[in-house]
Amino acid sequence: MDKVMPLRDAVSGYVRDGARIAMGTGLESCIPFAAGHEIIRQRRRDLTLVGAISDILFDQLIGAGCVARVIAAWVGNVGAGIAYNFRRAVESEVPGPLAMEDHSNMTVALALEAAARGVPFLPSRTGLGSDIVHGHRRLREITCPFTGERLLGVGALELDLAVIHVPRCDAAGNAHLWGNLGITLEAARAARTVVLTCEEVVDEAVIRSDPNRTLIPGFLVSAVAVAPFGSHPSPTQGYVNRDDRFYDEYHAETRTRDGFLGWLDRMVLGTADHDAYLARVGRTRVEGLRPRTARLAAPVNYGL
Amino acid sequence: MDKVMPLRDAVSGYVRDGARIAMGTGLESCIPFAAGHEIIRQRRRDLTLVGAISDILFDQLIGAGCVARVIAAWVGNVGAGIAYNFRRAVESEVPGPLAMEDHSNMTVALALEAAARGVPFLPSRTGLGSDIVHGHRRLREITCPFTGERLLGVGALELDLAVIHVPRCDAAGNAHLWGNLGITLEAARAARTVVLTCEEVVDEAVIRSDPNRTLIPGFLVSAVAVAPFGSHPSPTQGYVNRDDRFYDEYHAETRTRDGFLGWLDRMVLGTADHDAYLARVGRTRVEGLRPRTARLAAPVNYGL
Amino acid sequence: MTPRQIMVVAAAREIRDGEIVFVGMRLPLLGFAVAKATHAPAAVGLFENGVIRDTPPAGALITMGDPPNIAGAVMCTTLLEVMSHLERGRVDVGFLGGAQVDRFGNLNTTWVEEGGRRVRLPGSGGAADIAALSRRTVVIMQHERRRFPERVGYLTSPGYGTGGRWRSEVGLVRGGPCRVITSLGVLGFDAESGEMVLERVHPGVTVDDVRAQTGWDLRVASPLSTTPEPTIEELAVLRRFDPDGTWAG
Amino acid sequence: MTPRQIMVVAAAREIRDGEIVFVGMRLPLLGFAVAKATHAPAAVGLFENGVIRDTPPAGALITMGDPPNIAGAVMCTTLLEVMSHLERGRVDVGFLGGAQVDRFGNLNTTWVEEGGRRVRLPGSGGAADIAALSRRTVVIMQHERRRFPERVGYLTSPGYGTGGRWRSEVGLVRGGPCRVITSLGVLGFDAESGEMVLERVHPGVTVDDVRAQTGWDLRVASPLSTTPEPTIEELAVLRRFDPDGTWAG
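Here the residue numbers are simple positions, counted from 1 along each chain's written sequence. To label them, take the chains in the order written and letter them from A, then take the ligands in the order written and number them from 1. pLDDT decides what is reported in this predicted model: residues at 70 or higher carry local features, side-chain atom pairs at 80 or more are listed and counted, and totals for whole chains, interfaces and linings draw on all residues regardless. Values shown for side chains rest on all heavy atoms present in the structure; no hydrogens or waters enter the calculation.

### Considerations on the overall build of chain C
The test is simple: Only DSSP runs of H or I covering at least 4 residues are called helices, and only runs of E covering at least 2 are called strands; the numbering of each starts at the N terminus. Between the two quantities, the radius of gyration covers C-alpha atoms and the globule rule is 2.2 Å times the number of residues to the power 0.38. Any two residues having at least one pair of non-hydrogen atoms within 4.5 Å are treated as being in contact. The Shrake-Rupley method, run with a 1.4 Å probe, gives the accessible areas here. Residue values count only the displayed protein chains as cover. For the charge count, each Lys or Arg is scored as positive and each Asp or Glu as negative, with His and the chain ends excluded. A single reference atom marks each charge: NZ on Lys, CZ on Arg, CG on Asp, CD on Glu.
Assigned secondary structure in chain C consists of eight helices and 14 strands. For 249 residues, the compact-globule formula gives about 18 Å, and the C-alpha radius of gyration of chain C, at 17 Å, lands near that figure. Across its three principal axes, chain C shows a C-alpha extent of roughly 45 × 40 × 35 Å. Long-range pairs, those at least 24 residues apart, make up 64% of the contacts in chain C with a sequence separation of at least 6. Surface summary for chain C: the accessible area is close to 8,500 Å², and the carbon and sulfur share equals 49%. Positive and negative side-chain charges of chain C, numbering 27 and 28 respectively, have mean locations separated by a distance of 2 Å.

### Details of the nonpolar core
Rule in force here: The set of buried Ala, Val, Leu, Ile, Met, Phe, Trp, Tyr and Cys residues whose side-chain atoms join them within 4.5 Å is what this entry labels a nonpolar core. Burial classes follow relative accessibility: with a 1.4 Å probe on protein chains only, a residue under 20% of its type's maximum area counts as buried, one over 50% as exposed, and anything between as partly exposed.
If you look at the biggest cluster of nonpolar residues, it comprises 372 residues, and the most contacted ones within it are Leu 196 and Ile 216 of chain A together with Leu 196 and Ile 216 of chain B. For Leu 196 of chain B, the residues in contact, after removing those within four places along its chain, are Ile 164, Val 166, Cys 169, Gly 173, Ala 175, Ile 216, Val 221, Ala 223, Val 224 and Ala 225 of chain B. One finds Phe 121, Ile 142 and Leu 151 of chain A together with Leu 151 of chain B within the second-largest nonpolar core, a separate group that totals eight residues.

### Side note on the sheet that holds strand β7 (residues 150–155) of chain B
Residue and element names in this part refer to chain B. Cut-off, in case you're wondering: The rule for pairing is simple: two strands pair if DSSP sees at least two bridges between them. Comment: axis = line fitted to C-alpha atoms, over the contacting stretch for helices; angle = value between 0 and 180 degrees taken between N-to-C directions.
As summarised here, the arrangement of the three strands in space is β5-β7-β6, forming an open sheet in which the pairing is antiparallel. The sheet is open, and its two edges are formed by β5 (121–124) and β6 (139–143), each paired on a single side. Neighbour-to-neighbour, the strand axes of this sheet turn through a mean angle of 40°, independent of strand direction. Taken together, the five bridges between β6 and β7 define a ladder with antiparallel strand orientation. In the sheet register, Ile 142 faces β7, and the bridge partner there is Leu 151. In this fold helix α5 (residues 105–117) packs onto β5, β6 and β7, with an angle of close to 140° to the strand it touches most, β5.

### Points about unusual backbone geometry
In this chain, His 232 of chain A is followed by Pro 233 of chain A through a cis amide linkage whose omega measures 10°. For Pro 233 of chain A, the location among the structural elements is in the loop between β12 (221–226) and α8 (244–253). Omega for the peptide link from Ser 222 of chain C to Pro 223 of chain C comes to 0°, which places this bond in the cis form. Take Pro 223 of chain C: it is sitting in strand β14 (residues 219–226). The residue Arg 43 of chain B is not glycine, and still its phi comes out positive at about 55°. Within the secondary structure, Arg 43 of chain B sits in the loop between α2 (33–41) and β2 (47–50). Residues other than glycine seldom take positive phi values, yet Asp 55 of chain B does so here, at roughly 55°. If you trace the backbone, Asp 55 of chain B turns up in the loop between β2 and α3 (57–63). Its relative accessible area of 0% is what places Asp 55 of chain B among the buried residues.

### As for the packing of α5 of chain B against helix α4 (residues 79–88) of chain C
Selection criterion: Angular relationships are summarised with four words: roughly parallel below 35 degrees, roughly antiparallel beyond 145, roughly perpendicular across 65 to 115, and oblique for the angles in between. Two helices cross in a left-handed way if the nearer one is turned anticlockwise from the farther one by less than a right angle. They cross in a right-handed way if the turn is clockwise.
Axis separation between α5 of chain B and α4 of chain C bottoms out at 10 Å; the angle between their running directions is 120°. With respect to α4 of chain C, the element α5 of chain B is oriented oblique. Pair α5 of chain B / α4 of chain C crosses with left-handed handedness. Taking contact as the criterion, the partners of Asn 105, Met 106, Ala 109, Leu 110 and Glu 113 of chain B in α5 of chain B are, on α4 of chain C, Leu 79, Leu 80, Met 83 and Glu 87 of chain C.

Pasting the structure below:
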C-alpha cells in the first residue's frame, strides 16, 4: 500500500485540532521539525503535545499558539537551556494558557508503553518522593499485590498520533531506524496512528533485506512524507548533523515575544513549505550539515 | 575485558547445581545446544530451566537427570511434537520427579521482563480464564488501581543465569543479534549474569560499527565461548540452517527410556566436546547446513 | 482434492484483506499464503517468536524460526513486542490448534486422559495469549471424537468458557473463537450462548458423520450448507507453496 | 587551572573502574572521559536517550543525541531499556545537575522563585529517575547562595528528603547522593542524618567563602581537607577532550 504523500497532505489529513500527539520522541535527534512547522502553517489548535525531552519544537508550537497542554519531562532548548515561549505560556499565559503535566523521562515512557501494550498501567520504582507525583492525574502510589511494597503506578497515555522522523522507510511505512531510539518505539505503538517523515523512501527490498533494522512496522503508519533535512536543526544519524548555531540563534532571538513572532514569520509562516524553510536557513549552510565521513555498519548475512 | 574462554570453563565457572537458568530464548532458533550438552557432560543437577518454547534441549537435559523444575510455556519437540523425556518425568518421575510451572509465552516473557526492570510484577490482560493461572505461584488476578478492571499480575522471575547463543560478539560480550529475538533480551537482563556462545568472536570495531545491532551489552556477560554450529540442530540465521532430520531421528530414538540413554551416550556423554559432537553428527552433514546463498543487509551509514 | 486442502482454503477465507493475522504454523501458514495470493494481498502476518511478514516464507518451514521465515521478513523483533500488538487489540484474527476443543470453543493443549492415564502435552506456547487477546480466533482441528469432548479437562486457551457472558465475567476484554475448521466441516458459535454450531459440512460429509465424531449433542445450523470447494486459483497457489503436499496432502 | 577543571577531575575520581555510570552532559561527560583514560578504563557509560558507550564520543557534543555520541557506541537502544538497568540496580553512579540543591541533597529543576516571581524551569528530564534509582549519585553545581537553599521549593529529584530514613519511608529501595561537587568545594552527606557536610575546599577557597554561598548553617567536616589538584595526566586528558576549554575553561 503506497502511503507516500506530500507533507502538507499528511498534516491536513492526520493532525486534528485537539489531538494528543507525540513528537520529538528521539529526545535530541530525529526531531520532526518539518512536520511541526507544517502544523504551525496549517494553524492547528488545542493540541496536547507529548514528549520526554522536547527539543525546541515544543517551544515553537507553543509560541505559535497551537498547544493547549504539554505532557513531558523536560521542555527547553537542548542547545541553550531555557525555552522562552514555554516559560511565557506557563508563567504568563502568553500567547495563551498552557496546562503542564510534568513527568520524568521514565514515567512518560512507561505511560506510553502501557498504552502500547493495551494495559491500563505499569508499576515502577521511580518517582517516589518526588513532587512530580503530587496530585498527578496519571501517577499514583500503589501497593504491590505480590510483595506489599510501595510502588509508583503509571497510568496509560494513549495517543491520537505519533509524528516520527526516520532515516528511511518504504512506501508502506516499514521504517529502518538507527541511532538512539528514545521513546520512539513506545510512542509509535501507543498511538492510534503514525505519520512518518523520512530522509528517503527506499524500495521495500531494502527494508526486507534487514528485518531487524525495521523498528516501526508499516501497519501502524498512515502517511509517509519525504522530507530530507526534516529534522533540521536536530541531527539524523548518517544524513544530517546538528546545526548547533541554530539553537543559540533561536535562543537569542526568542527571548521576547516580539522576537519570537519575528522568527516565526521569517522561518515558518513566511515559508511555504519545508524546502522554502531550508532555503531561508540557507542551502549552503544546510548542505554543510551533511556528514563528511562515512561509517558503514559491518555486513550482516541473512542467507539460507 | 577479554571474557573468551573454552565452553568447558564457561560451564564449570558459571553453571551451578540448583541454579535457575534460561536457555533456548530464541524459541526455535539459536538454541544453545553446545552449552546444554556441556552442562550434561559436567553432570549439573537440580537445575530450574526457564524458557518459552523449549525446543528439544530441555528434553535432553531432563532425560539426563540435570533438571528438578521447568518454568515454561511449551516443552516438546519443535520438529515432531512430543518430548518423551519430559513426559516420562512429569507422568512417571523417570529419571526423577520434575516440577512444572506452566506459563503462556506471554506470561513467562513478562515475568522475565519484570525481573529485568527490577519491579516485582507486571500487569497483563492475558491468562484470565485459563487453568494455567489456577493456584499458580507467580500468576494471580489483581484489580487495576486506576480503572478497577480485573487484570493478571505476573510476578518477577529472576534468573541466576541466561545461556544465549548469538551470531557474533566481541571479546567483552557485546553481542550482535539478528533474526527473531523471542525472549532473549528479557532473559539477558533478568539474569544475574549471562554466558554467551557464539558462531564467531569479532573485533570490537565490528560491533561498534553498528551499535543498533548490539542487543546484549557486554556488562551483562561473564563468559564468551566460541562454538560454531553451537545451535545445531536449530538454526542461527546466516550461519547454519535447521537440521530438520535430526528432530525426527531424535523423536524416533527417544520414544523409550533405553532409546534415549543410547542417544545420550552416543551423542553427548560419549563425545568429549562440541567438536566431537559435530564429528558424531557428521562433518559433511553439518557443513551441508551452511547457507547456500548470501542475503546481505542493505548498507547503513553512521557517518558524521 | 484432499480434506486438508479444503481446510487450508477454508482458513484462507477467514482472512480479510488488510487484516493483522497471528498466523501459526502448517495449515494456517498455508492458508495465509493462499489468502495473500488471492483475496487478501494487504494482510500482514505476525509470529510470536518476533517475526512480522507480509509475504509467504522464502521456502518450506518446520517452525516459525526457520531461516526462510526470517529472510525477507518485514520486521524481526521480540516476542513481547509482537504480543503488545495482540494485547493492544491490533490483531484481527489468530489461528489456533490443539489436542481438544470443547462445546464452548475452549482448547486444551496441556493434559489429556488416554485410556485412564493422564498424558502430558507440551502446553500452551502462545495459544492461551492468542485465545485471550485476538479480536477473533479460528481453530483448526482433525475432527475426532477424542478431540471434541463436551468439556475440556484442562482449559489451556479460553473460548467461551461455560458460555454466555463468561469471557467478560473473567475479565477478557474481547475476542473468542468465530470458527472451527475441521476435517469434516466448518463450525461457528451462537452469538448468545457461545455454543458451537455446525454450519457447513465438507463435500461428501453428512451431519451424522460429524455427530459421530463429536462428544456432545452438536447443534446444527438451519439451513446447513456445504463448504465451497477451493477455486482453481486457490488450488494453484496451494500447490505452489506446498508442492509435495507435505502439509495439505 | 580553572575551578571547572578541578570540578571535572573531582567528578572523574568519583568513578571507580568497571562501574556502570549514568553520565549526563558537559562536565560529567568530560569527567567520564578523564576517568576512562586514567584510573577507570573498564567503566561503561549509559545515556538516557538509549546510548551505551565505553569510549569517549567521536567529537564534541552539545547533546547526548549528537552524531559523535552515536558513532562508535557499543549499543544504541531505547530509553526504557537503559532505564531498566537503572531500575534493576545495575547503575553504580549517576551524575546530576540542577538549579538548586538543598541541605539534604534534594534537587529542583522545575520551579524557582526569583525576585518574588515564580520562574518555570525545563523540568526533570531523567534526573528524577537517576536520583531515585542509581546506587549513588554525584551532584555537580555552581556554588551560589540562590542555588543552595535550606529546602527546595519544589523537590524534582530526591536526595534524602527531610533526612534520616526518609528514602526508605517513601519507598525508594536504594541510592541517594554521596557527593556534591561545586565551584568551591566537595561536599558529602552524613550517613545517619542525610545532611550535607563540607568535606573539601578547592585550593584558595575558605570555609567562610563556602558558607557565604550556602543558604543554611553548613556543617563542616573535621578535619577539612583541600581538594587535590588535578594531576598532569588528568589535565592532559582534559585538554585532549576539551581543547578549547568550552566546558571546563
